[in-house]
Amino acid sequence: MRGSLTSRMVTASVLLTLLTSAAFAVLLLAIRDQRNSAQLDRHSQEVLVAAARVERNLVDIETGTRGYLLTGDDRFLQPAHAGEADFAQASRDLVDLTNIADQNEAPGRLTSIHVSGTAQAIKIKGESYIRDYFRPLIAAAERGDPAARSVENAQLGKSKFDDIRWDFNTLELAEQRVAAERDDRAREIANRATIAAIAGLGVTVVLVGLFATYLSRAIARPVRQASVTAEQLASGDLSTRMPTTGVAEIGVLEKSFNTMAGSLERSQSELADLLAEQAALRRVATVVAEGTPPEKVFPAVTEEVARLLDVDGTRLMRYEADGTATIVASWGEPTIVPVGTRITLEGRNIGSLVRSSGKPTRIEDYADAPGSAAAIARERGIRSTIGAPIMVEGRLWGAVSGFITKTDAPFASGIELRLANFTDLVGTAIANAQARADLTASRARVVATTDDIRRRIERDLHDGTQQRLVSLVLELRNAQADIPDTQPELRAELADIADGLVAALDDLREISRGIHPALLATSGLGPALKVLARRSPILVELDLDLDGRLPEHVEVAAYYVVAEALTNAAKHAHPTAIWVAADVVDRRLQLSVCDDGIGGADPAKGSGLTGLTDRVEALGGSITVHSPPGEGTAMHVRLPLSAPAEPT
């Protein structure tokens, strides 16, 4: 059989429907014949009943006539007259019933016609008996005519009635014969219908079995195999396939299922590659987000790229202004050039191609490539190379490249485009590092400039304003001494003015020391902190382990940290004592200021601690404040002794 499963199923269904319909049609015909036979049987009974009614009327007339003639008693005429009155209707009913049977019955039609004729004859003879014999005879008897009771009339009446009775017997026999023929015919039809139905149902069962077997082999078995394959696919075995042995739609289903499995297998491989790429990008992005210096980001990028793309080695280079490139990171073998080597970009190599195009590119083969870099690649057995540019703030900064050695499997199509995500992260790391370096250097310059301004103000106050105030005080004292005793009021006024100038000079000295103490510049951090401790209204215990002088920017920052901490503690913490410790560990000044006050200090609320934090971080240091309420305040500062790096 050819065609689709639908056409095959439709054909088989039509055959089964026809066979089943034929079997049931035969059964329905048999049932209809049985029903018709039962109806005709009931009609026959009705005919016989009607015939018996007519016969009973005639018998009542005959017996009533005979009784009246013999006895002369009118009571015998009552049933006779009742029979006479009912005979007309009863005979018409009988004739009508036999005519209906004659119209509805095809088989045995002659017998039915005979029955109808007999019924008509009974009606005619009965009417004649009543009209020509019963009525005249009764009338003659009622007139007293002796001939009415004669033997001849009696014989004549008996002869007429026997003739009619014979017709009744004929009608009953004919009707019984018709019923018997009808029953025989119905049984024959029922037997044929039973045989046909059994044969049809048997053939239907055989066809159903054959069709079920075909469906099991053509549909159920492949569908079952498909479910097993689907379960294997769902469990992760994407390499499973179905045998393509089915026909029509099932064959298409098997091929489609295998195509879907192949697509899922490829999708799984692509998804695995994507997840691996995302994981690698996430690891690199985490390193970049942590503020790791570029020199530590570069090796991580080259390693992640090499492992992700399954290449033999990777290189990260920075383009220089003179047309060369510097290798800043590498991974894998063979080692062509070490990190830090500057290479030329003449000829055809991945560095020159990326620099000239500014786009991801590849070199499939170095066999005929000119230039020293291509010659080195051939010597090291490098077959193909891919590369992608690193852009920093819109300009080309460098490139990342990957290579494979001699092999029959070249780079996959578009693999160089996957490098772009990593180069974006490298560019971000470089830009972030540059921004951090610029910010740190800028803040350091601001702090240094501020300190210079403080020193200049302190120097100007000391060398200028303070000296002038001292001269004015001396001149007032001299003028006060020259005033005669006769003017005590004037002498007192000059004395008050001189005292005011002295007080102003003292205030100015305090301000000068607060701006930038001269002792800090001349003697260093240790003596300056001791002066701060002596001037503090709160007991200050010092633990200083400082050998020699520290860089000026470190001493200034540490001095202002301690000064601000002592001032804040005295104003807000209400401690009983303050502890200050300072030492140098691993080229870093470690400074701590602790008190036993009320705590609760929060740098985020705009206190003087915010300015200290900015100053410390501008110098590349760190500051932490731990101040739980009721438990005092502890400030820890770490300052590098080296000066902040200028941005490159």
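Anyway, here's the lowdown on the structure attached to this text.

About the cut-offs
Residues numbered from 1 in each chain as written. Predicted model: local features only at pLDDT ≥ 70, side-chain atom pairs only at ≥ 80, totals over all residues. Heavy atoms only, no water. Helix = DSSP H or I, 4+ residues; strand = E, 2+ residues; numbered from the N terminus. Buried < 20%, exposed > 50% of the residue type's maximum accessible area, 1.4 Å probe, protein only. Pairing = 2+ DSSP bridges. Right-handed = clockwise from strand over helix to strand, strands pointing away. Salt bridge = Lys/Arg side-chain N within 4 Å of Asp/Glu carboxyl O. Axes fitted to C-alpha atoms, helices over the stretch in contact; angles between N-to-C directions. Parallel < 35°, antiparallel > 145°, perpendicular 65-115°, else oblique. Left-handed = near helix turned anticlockwise from the far one by under 90°. Contact = heavy atoms within 4.5 Å.

**Section: unusual backbone geometry**
Within the chain, His 574 stands out as a residue other than glycine whose phi angle is a positive 50°. Topologically, His 574 is positioned in the loop between α13 (552-573) and β8 (577-585). With relative accessibility at 56%, the residue His 574 sits in the exposed group. A positive phi is found at Arg 587, a non-glycine position, where the angle reads about 60°.

**Concerning the pairing of strand β7 (residues 539-545)**
Sheet analysis places β7 next to β8, joined by 7 bridges and oriented parallel. Following the sheet pairing, Leu 539 is matched in β8 by Ala 577. In this region the chain leaves β7, passes through α13 and returns to the parallel neighbour β8; the handedness of that crossover is left-handed.

**Details of the pattern of salt bridges**
Evaluated as defined, the whole model comprises 15 salt bridges. The shortest N-O distance in the salt bridge between Asp 93 and Arg 53 comes to 3.3 Å. Placement of Asp 93 in helix α2 (residues 77-104) and of Arg 53 in helix α1 (residues 5-71) is noted, with a sequence separation of 40 residues between them. On the basis of relative accessible area, Asp 93 is assigned to the partly exposed category, the value being 24%. Residue classification places Arg 53 among the partly exposed positions, given a relative accessible area of 26%. In this structure, the salt-bridge partner of Arg 342 is Asp 322, at a minimum N-O distance of 3.1 Å. Here Arg 342 is found in strand β3 (residues 342-343), whereas its partner Asp 322 is found in the loop between β1 (313-319) and β2 (325-332), with 20 residues between them in sequence.

**Examining the packing of helix α12 (residues 525-535) against α13**
A pair of packed helices can be characterised by two numbers: the angle between their axes and the separation between those axes. Relative to each other, α12 and α13 sit at 10°, their axes nearing to 10 Å. In this view, α12 runs roughly parallel relative to α13, as classed from their interaxial angle. As for how α12 packs across α13, the hand of that crossing is right-handed. Facing Leu 525, Ala 528, Leu 529, Leu 532 and Arg 535 of α12, the residues of α13 in contact are Glu 555, Ala 558, Tyr 559, Val 562, Ala 563 and Leu 566.

**Focus: the sheet that holds strand β6 (residues 395-405)**
Pairing within the open sheet is antiparallel, and its 6 strands lie in the order β3-β2-β1-β6-β5-β4. Pairing within the sheet leaves two strands with one partner each, and these edge strands are β3 and β4 (361-363). Alignment of β2 against β3, held across 2 bridges, turns out to be antiparallel. Note on β3: the bridge partner recorded for Ala 325 is Ile 343. Seen against the sheet, helix α6 (residues 294-309) touches β1, β2, β5 (382-392) and β6 and runs at an angle of roughly 50° to β2. Each of β1, β4, β5 and β6 is contacted by helix α7 (residues 350-357), which is oriented at about 150° to β4, the strand it contacts most.

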